Amino acid sequence: MKHEGSIAPAPSRSASEVFGDRLPIAIAYAELLATTGIEHGLIGPRETAKLWDRHIVNCAVMESLLPHLSKVIDIGSGAGLPGLVLAIARPDLQVTLIEPLQRRTNWLEVAVKELGLSHVRVWRGRAEEFAGRVQVPYVTARAVARLDKLYGWAAPLLPEGAS
Ligand SMILES: C[S@@+](CC[C@H](N)C(=O)[O-])C[C@H]1O[C@@H](n2cnc3c(N)ncnc32)[C@H](O)[C@@H]1O
């Protein structure tokens, strides 16, 4: 059902399945994407109709790979995909969003606050700048760079031997 006054499409059945009782937060996030996310240029206006399946659910399904209480860094979060989505689905995770563009980190900080995601922090900068400063067992990224380049940015953020 589409909520009165909402711009985002109603959540798909798969969204209800993957988010469970966290669905209201996912709906609030979809609404942010469809409104200020588009106004601030974080997502294209043509994406609104595909918000749930192409973006939100597509990212959320990854949560099943993450053990309870995992620490995760998301490189190049943009509008929070996939890092913010994982944090919405999994309040037990500790998620750090790394994003170099100030306009995007500003939007992410507002979204984190509005959605009440106290287990998420937003760091502005390029992933390479955090090498040697932080290590976590899991690093995520979507549509950020070619795999070889991305591997070079992610590997220093992972403990030795991590796959
Ligand atoms: C195409 S967008 C993808 C955003 C989001 N991950 C998604 O799937 O919608 C690529 C993002 O990577 C960020 N980025 C580019 N180079 C980066 C780097 N070296 N470290 C971290 N983020 C980077 C950009 O600022 C941009 O927000």
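Residues numbered from 1 in each chain as written. Predicted model: local features only at pLDDT ≥ 70, side-chain atom pairs only at ≥ 80, totals over all residues. Heavy atoms only, no water.

As for unusual backbone geometry
- Residue Leu81 is joined to Pro82 through a cis peptide bond whose omega torsion reads 5 degrees.
- Counting through the fold element by element, Pro82 comes out in the loop between strand E1 (71-75) and helix H4 (83-89).
- Residues other than glycine seldom take positive phi values, yet Leu69 does so here, at roughly 65 degrees.
- Structurally, Leu69 can be placed in the loop between helix H3 (51-60) and E1.
- What makes Leu69 exposed here is its relative accessible area of 58%.
- You will see that Ala143, though not glycine, has its phi angle at about 55 degrees, which is positive.
- Summarising the element assignment, Ala143 is placed in the loop between strand E4 (138-141) and helix H6 (147-154). (Helix = DSSP H or I, 4+ residues; strand = E, 2+ residues; numbered from the N terminus. Buried < 20%, exposed > 50% of the residue type's maximum accessible area, 1.4 Å probe, protein only.)

Considering the environment of Ala162
- Within the secondary structure layout, Ala162 lies in the segment after H6.
- Note on Ala162: relative accessible area 33%, which makes it partly exposed.
- Sequence separation of Ala162 and Ala131 is 31 residues, and the distance between their C-alpha atoms is 15 Å.

Considering the sheet that holds E1
- Pairing in this open sheet of 4 strands is parallel, and the strands run E3-E2-E1-E4 from one edge to the other. On the outer flanks of this sheet lie strand E3 (120-124) and E4, each paired with one strand and no other. In this sheet, neighbouring strand axes are inclined to one another by 20 degrees on average, regardless of whether the strands run parallel or antiparallel.
- Of the strand pairs in this sheet, strand E2 (residues 94-99) and E3 are connected by 5 bridges, and their pairing is parallel. Bridge pairing in E3 places Val95 opposite Val120.
- Relative to E3, helix H5 (residues 102-115) is tilted by about 165 degrees, and along the sheet it contacts E2 and E3. (Pairing = 2+ DSSP bridges. Axes fitted to C-alpha atoms, helices over the stretch in contact; angles between N-to-C directions. Contact = heavy atoms within 4.5 Å.)

Considerations on the layout of surface pockets
- Quantified by volume, the largest pocket comes out at close to 380 Å³.
- The wall of the largest pocket is formed by 21 residues, among which Gly76, Ser77, Gly78, Arg104 and Ala143 lie closest to the centre.
- In terms of residue class, the lining of the largest pocket is built from 11 nonpolar, 5 polar and 5 charged. (1 Å grid on protein atoms, 1.4 Å probe; cavity = no way out; pocket = protein on both sides within 12 Å on 5 of 7 lines; lining within 4 Å. Points joined across faces, edges and corners; volume = space filled by probe spheres on them. Nonpolar A, V, L, I, M, F, W, Y, C, P; charged D, E, K, R; others polar.)

Points about the packing of helix H2 (residues 23-39) against H3
- Relative to each other, H2 and H3 sit at 120 degrees, their axes nearing to 12 Å. Between H2 and H3, the crossing angle belongs to the class labelled oblique. In the packing of H2 onto H3, the handedness of the crossing is right-handed. From H2, Leu23, Ala26, Ile27, Tyr29, Ala30, Leu33 and Ala34 reach across to H3, where they touch Leu51, Trp52 and Ile56. (Parallel < 35°, antiparallel > 145°, perpendicular 65-115°, else oblique. Left-handed = near helix turned anticlockwise from the far one by under 90°.)

Things to note about the site of the ligand
- Taken together, the neighbourhood of the ligand is formed by 16 residues, with Leu81, Glu99, Arg104, Glu128 and Arg142 sitting nearest.
- Between Glu128 and the ligand, the recorded distance is 2.8 Å, taken from a side-chain N or O atom to a nitrogen atom.
- The side chain of Arg142 places a nitrogen or oxygen atom 2.7 Å from an oxygen atom of the ligand.
- With the chains in place, 80% of the 600 Å² that the ligand exposes on its own is no longer accessible.
- A majority-of-atoms criterion places the ligand in the largest pocket. (Near = heavy atom within 4 Å. Polar contact = N/O pair within 3.5 Å; in protein donor to acceptor, adjacent residues only side chain to side chain. Areas by Shrake-Rupley, 256 points an atom, 1.4 Å probe, with all protein chains shown as cover. Sits in = over half its atoms within 2 Å of the grid points.)

Function cannot be read off these values alone, since they describe shape.
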